[in-house]
Amino acid sequence: MSSLHHHCGLFGIMDRPDAAELTYLGLYAQQHRGQESAGICCSDGTTIRRHAGMGLVTEAIRAEDLRGLSGSAAIGHVRYSTTGSCSVSNAQPLLASAAMGHAAVCHNGNLVNAVALREDYERRGRIFTTTSDTEVILHMLADLEYREQPDPLAAVLRHLAGSFCLLLMYPDRIEAVRDPSGNRPLCLGRLGDAWVVASETCAFDLVNARYERDVEPGEIVTLTARGLRSRRFAPAESPRRASCIFELIYFADPSSEIFEESVHLVRRAMGAALAREAPADADLVIPVPNCARCAALGYHEESGIPLGRGFTTNHYVGRSFIQPSQSIRDLTVRLKLNPIRGSVEGKRLVVVEDSVVRGTTTRGKMQSLRDAGAREIHLRVASPPIRHPCYYGIDFPRKEELIAEGREVEEIRRFLDVDSLAYLSLEGMVSCVRVGAEGYCTACFTGDYPIPIDARFTKNVFERNQLTFFDGAGDDGATP
Ligand code: SF4
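Predicted, not measured: the structure shown is a model, and the values here were computed from it.

A. Layout of the packing of aromatic side chains. Per the stated rule, a full pass over the model turns up 8 aromatic pairs. Here Tyr-250 and Phe-251 contribute two aromatic rings whose centre-to-centre distance is 4.9 Å and whose plane-to-plane angle is 70°, an arrangement assigned as edge-to-face. Residue classification places Phe-251 among the buried positions, given a relative accessible area of 6%. Above the plane of the ring of Tyr-170 lies Arg-173, whose end atom (NZ or CZ) is 4.0 Å from the centre. Arg-190 extends its terminal NZ or CZ atom over the ring of Trp-195, reaching a point 4.2 Å from the ring centre.

B. Examining a nonpolar patch on the surface more closely. Together, Leu-25, Tyr-28 and Leu-206 make up a nonpolar patch on the protein surface, roughly 270 Å² of accessible area in all. The residue Leu-206 is located in helix α8 (residues 202-207) in this model.

C. Looking closely at the sheet that holds strand β22 (residues 420-423). Across the sheet, which stays open at both edges, the 4 strands sit in the order β17-β20-β21-β22 with parallel pairing between neighbours. Unpaired on one side and paired on the other, β17 (284-287) and β22 mark the two borders of the sheet. This sheet shows a mean twist of 20° between the axes of neighbouring strands, independent of strand direction. Relative to strand β20 (residues 348-353), β17 is paired through 4 bridges, and the arrangement is parallel. Directly across from Val-285, in β20, lies its bridge partner Val-350. Of the strands in this sheet, β21 (376-381) and β22 are in contact with helix α15 (residues 409-416), which crosses β22 at around 130°.

D. View of the nonpolar core. Counting residues in each nonpolar core, the largest one holds 49 residues, and the members touching the most others are Phe-246 and Tyr-299. Of all the secondary structure elements, the ones that give two or more residues to this core are α9 (245-251), α10 (263-277), α11 (293-303), β20, α16 (426-430), β23 (440-441) and α17 (443-446).

E. Quick peek at the site of the ligand. With respect to spatial proximity, the complete set of residues near the ligand consists of Asn-183, Arg-184, Cys-244, Ile-245, Phe-246, Cys-390, Tyr-392, Ile-394, Cys-441, Ala-443 and Cys-444. Secondary-structure elements contributing two or more residues to the shell around the ligand are α9 and α17. In terms of residue class, the shell around the ligand is built from 9 nonpolar, 1 polar and 1 charged.

F. Spatial organisation of the packing of α10 against α11. At a minimum axis separation of 6 Å, α10 and α11 run at an interaxial angle of 45°. Here α11 runs oblique to α10, going by the angle between their axes. Crossing handedness for the pair α10 and α11: right-handed. Mapping the contact onto sequence places His-264, Arg-267, Arg-268, Gly-271, Ala-272, Leu-274, Ala-275 and Arg-276 in α10 and Cys-294, Ala-295, Leu-297, Gly-298, Tyr-299, Glu-301, Glu-302 and Ser-303 in α11.

G. Representation of the environment of Gly-45 in the model. Among the secondary structure elements, Gly-45 is positioned in the loop between β2 (37-43) and β3 (48-54). Accessibility expressed as a relative area gives 44% for Gly-45, which makes it partly exposed.

H. Region of interest: the sheet that holds strand β7 (residues 165-170). The 6 strands are arranged β5-β6-β7-β8-β12-β13 in an open sheet whose pairing can be described as antiparallel. The open sheet terminates on both sides in strands that have one partner only, identified here as β5 (94-98) and β13 (227-232). On average, each strand axis in the sheet is inclined to that of its neighbour by 20°, with strand direction left out of account. Inspection of the sheet shows β5 paired to strand β6 (residues 101-108) by 5 bridges, in the antiparallel sense.

Conventions we followed
Residues numbered from 1 in each chain as written. Predicted model: local features only at pLDDT ≥ 70, side-chain atom pairs only at ≥ 80, totals over all residues. Heavy atoms only, no water. Phe/Tyr/Trp six-rings, centres within 6.5 Å; stacked < 30°, edge-to-face > 60°. Buried < 20%, exposed > 50% of the residue type's maximum accessible area, 1.4 Å probe, protein only. Lys NZ or Arg CZ within 6 Å of the ring centre and 35° of its normal. Patch = residues over 30% accessible without salt bridge, like charges linked within 9 Å, V, L, I, M, F, W, Y side chains within 5 Å. Areas by Shrake-Rupley, 256 points an atom, 1.4 Å probe, with all protein chains shown as cover. Salt bridge = Lys/Arg side-chain N within 4 Å of Asp/Glu carboxyl O. Helix = DSSP H or I, 4+ residues; strand = E, 2+ residues; numbered from the N terminus. Pairing = 2+ DSSP bridges. Axes fitted to C-alpha atoms, helices over the stretch in contact; angles between N-to-C directions. Contact = heavy atoms within 4.5 Å. Core = buried A, V, L, I, M, F, W, Y, C linked by side-chain atoms within 4.5 Å. Near = heavy atom within 4 Å. Nonpolar A, V, L, I, M, F, W, Y, C, P; charged D, E, K, R; others polar. Parallel < 35°, antiparallel > 145°, perpendicular 65-115°, else oblique. Left-handed = near helix turned anticlockwise from the far one by under 90°.

Structural data, given as structure tokens:
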């Protein structure tokens, strides 16, 4: 499955002379979490400097940009827009100088009450310079109503609703925040004496840091040159925990440990559960690369059917998000995956996918296997049918785009043109994570949304995506 995109990836580090370079690497390791823009803010204790640009990390941030980011603390961000248009004005971190001093912020998730908060500020004459839901956080931090509170940041956070992991930078510190439901991952690590924070632990691996623990739901962790402090802005067990199970199914890197689970092991367990629930009489198990490799391994181990390679991956094809139209996206996916005739010709295949969203790209892949001579195709999907949109940071907001919405499995099978089709059950899926259904959001499968949604959010998110700003090739800024 290649048609879903994540909102963002975060990385931060405190008290390292090479903070900007390490942040660059931390973002590079998390490139899969967002490819539209990348940015870094760096503090030397007095001034916060920023560079952000469009494209992959290597395109958005060049060596000369890094040289301009002096200081021993840094935060960084890779972005794929789900609210707010794809433009450099929305690239994060956002940096502001206001009554609360200099502050930068980057965000992973969606604020489901951002529209209401923003409309309120706009009525009072505030000017917004981005269409991103994140900017409202800077306005709230500058608001006297919150600044007069004993803990202004905690007061702001208690008024945010939805899914949010945040890194906030002030000249002397970084504050790492996770929303009370723990919807997105945020991990803490150590690099020598320095503290690091990242959306996924794969970022720690690249910079040689050691994972210590997750930032807890409802927790604010403050990183300074003197070490780490923790406080809460929400009670430990309220509301119920709702980590995004899709992170484990598809988004996170298989080498990462998030939500205290190994992504690889969970996916492998889902593949094994799928083999028990939906066996197939076949010659070869093949994954749809790259995301379903772990699930296909689990299916193969459980079923005893040999594991093979059905596709080659062309790593040099342009990124599919560049062209937003469905027709071009389909074309790009076909260019990326080439079936291996010598492997699949004359074979009865079990094809393992991690998930199916719109179905159009999956149908294209199945057709290419048939064209390469596959005798039978038994498609096995290592997650349940997606029937509901996500409002917490994943880009399938419209129900009518989902192939499983309003359709039975047999109808979907006919659309995909495969010999048999089976999905992993909801029970089978949650049996593969240690805490079970109680700890996870499964709303895109069940329609049971654990975090309440402001009706204005669902109405306006699409409209706001239509706003565009003048884009340059990149932008730089520094607090005065
Ligand atoms: Fe994740 Fe689906 Fe919940 Fe969105 S609705 S947070 S994709 S589990």
